[in-house]
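Here is what each chain is made of, one letter per residue.
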Amino acid sequence: MNEQGGRPEGRAVLKVVLIRGVAGCVGLALTLGALFFLSDPINVVAYYLGYGEKMQVEVIEGATNNSPDRDEPGLGRVIGEDRTVGVYGVTAGEVVTARPRLLDLGAAEMRFVYTGHASVLPGLFSIFGCLVLGLPGLLFLLVGFGTKSLFEKATPVLQRFNARMEKRAARKQTG
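Residues numbered from 1 in each chain as written. Predicted model: local features only at pLDDT ≥ 70, side-chain atom pairs only at ≥ 80, totals over all residues. Heavy atoms only, no water.

Draft legend 1. Geometry of the overall build of the chain. A tally of helices and strands in the chain yields five helices and five strands. Listed N to C, the secondary structure of the chain is α-α-β-β-β-β-β-α-α-α in terms of helices and strands. Counting all 175 residues of the chain, 27% fall into the buried class. Summarising the internal contacts of the chain: among those between residues at least 6 apart in sequence, 64% fall at separations of at least 24. Of the roughly 12200 Å² that the chain leaves accessible, carbon and sulfur atoms contribute 63%. (Helix = DSSP H or I, 4+ residues; strand = E, 2+ residues; numbered from the N terminus. Buried < 20%, exposed > 50% of the residue type's maximum accessible area, 1.4 Å probe, protein only. Contact = heavy atoms within 4.5 Å. Areas by Shrake-Rupley, 256 points an atom, 1.4 Å probe, with all protein chains shown as cover.)

Draft legend 2. Structural context of the side chain of Ser39. With respect to the helices and strands, Ser39 occurs in helix 2 (residues 39-48). Its relative accessible area of 8% is what places Ser39 among the buried residues. Setting aside its immediate chain neighbours within four residues, Ser39 contacts Leu103 and Leu105.

Draft legend 3. The arrangement of the environment of Val45 in detail. Relative to the helices and strands, Val45 is located in helix 2. You can call Val45 partly exposed: its relative accessible area is 47%.

Draft legend 4. Structural detail: the pattern of salt bridges. Enumeration according to the criterion identifies two salt bridges in this entry. Between Arg77 and Glu58 there is a salt bridge, with the nearest N and O atoms lying 2.7 Å from each other. In this pair, Arg77 sits in strand 2 (residues 74-78) while Glu58 sits in strand 1 (residues 55-61), placing the two residues 19 residues apart along the sequence. Taking relative accessible area as the criterion, Arg77 reaches 35% and is therefore assigned partly exposed. Of the residues examined, Glu58 reaches a relative accessible area of 31% and is grouped as partly exposed. Linking Arg83 and Glu81 is a salt bridge whose minimum nitrogen-to-oxygen distance equals 2.6 Å. Residue Glu81 is classed as partly exposed on the basis of its relative accessible area, which comes to 37%. (Salt bridge = Lys/Arg side-chain N within 4 Å of Asp/Glu carboxyl O.)

Draft legend 5. The arrangement of the side chain of Ser126 in detail. Examined against the element boundaries, Ser126 turns out to sit in helix 4 (residues 126-145). A relative accessible area of 12% places Ser126 in the buried class. Ser126 has contacts with Phe37, Asp40 and Pro41, leaving out every residue within four places of it along the chain.

Draft legend 6. Spatial organisation of helix 1 (residues 10-37). Counted at 1.5 Å a residue, the expected span for helix 1 with its 28 residues is 40 Å, and the 41 Å between its end C-alpha atoms agrees. Among all positions of helix 1, only Ala23, Gly24, Gly27, Thr31 and Ala34 are buried. Contacts from the buried residues of helix 1 go to helix 4. (Expected span 1.5 Å × (residues − 1).)

Draft legend 7. Molecular detail of the sheet that holds strand 1. Strand order around the closed barrel formed by five strands is 1-2-3-5-4, with mixed pairing between neighbours. Shown here is a sheet whose adjacent strand axes are inclined to one another by a mean of 55 degrees, direction ignored. Examined bridge by bridge, strand 1 and strand 4 (residues 95-100) share four bridges and lie antiparallel to one another. The residue bridging Met55 from the neighbouring strand is Ala98, located in strand 4. (Pairing = 2+ DSSP bridges. Axes fitted to C-alpha atoms, helices over the stretch in contact; angles between N-to-C directions.)

Draft legend 8. Looking closely at the packing of helix 1 against helix 4. Look at helix 1 against helix 4: their axes get within 7 Å of each other, and the N-to-C directions meet at 155 degrees. By the angle between their axes, helix 1 is roughly antiparallel relative to helix 4. For the pair helix 1 and helix 4, the sense of crossing is left-handed. Residues that form the contact of helix 1 with helix 4 fall into these classes: 14 nonpolar, nine polar and one charged. (Parallel < 35°, antiparallel > 145°, perpendicular 65-115°, else oblique. Left-handed = near helix turned anticlockwise from the far one by under 90°. Nonpolar A, V, L, I, M, F, W, Y, C, P; charged D, E, K, R; others polar.)

This is how it looks when you write it as structure tokens:
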């Protein structure tokens, strides 16, 4: 506000709009990244809940590593169908029972299937990426798109937190 208690000055309004706009965009980007990482844990839960029709896959080319996050998957041909799928944790010549992923994101030309525990569990590690991007993303979203009443409710909590941090810093300085 200006000295007379009227409307805020134009620069102050512009500064607030700019800060909230940037915070909202950053929050949106981080949250969307977190949602992308969330697809693997969803696929793991769906696998253990029995989602997907079981299929027999003859492994044509074995995987170079057992983890979906590293190296290249093996290739398998679905028996009874004319399609190729990506498989992890198998060697060439095996015939395995597999189930498809619920969410198969990305630009891959073929679908990937799970063949057992060894091919499913590495998908749980992406929950860390979801947390690392999601928590800051939500905070930026609140700053960017939060309402005035939300900020009014959060002010006492933030003041208590600030007081605790100042006390802690004072204790560390004194010894």
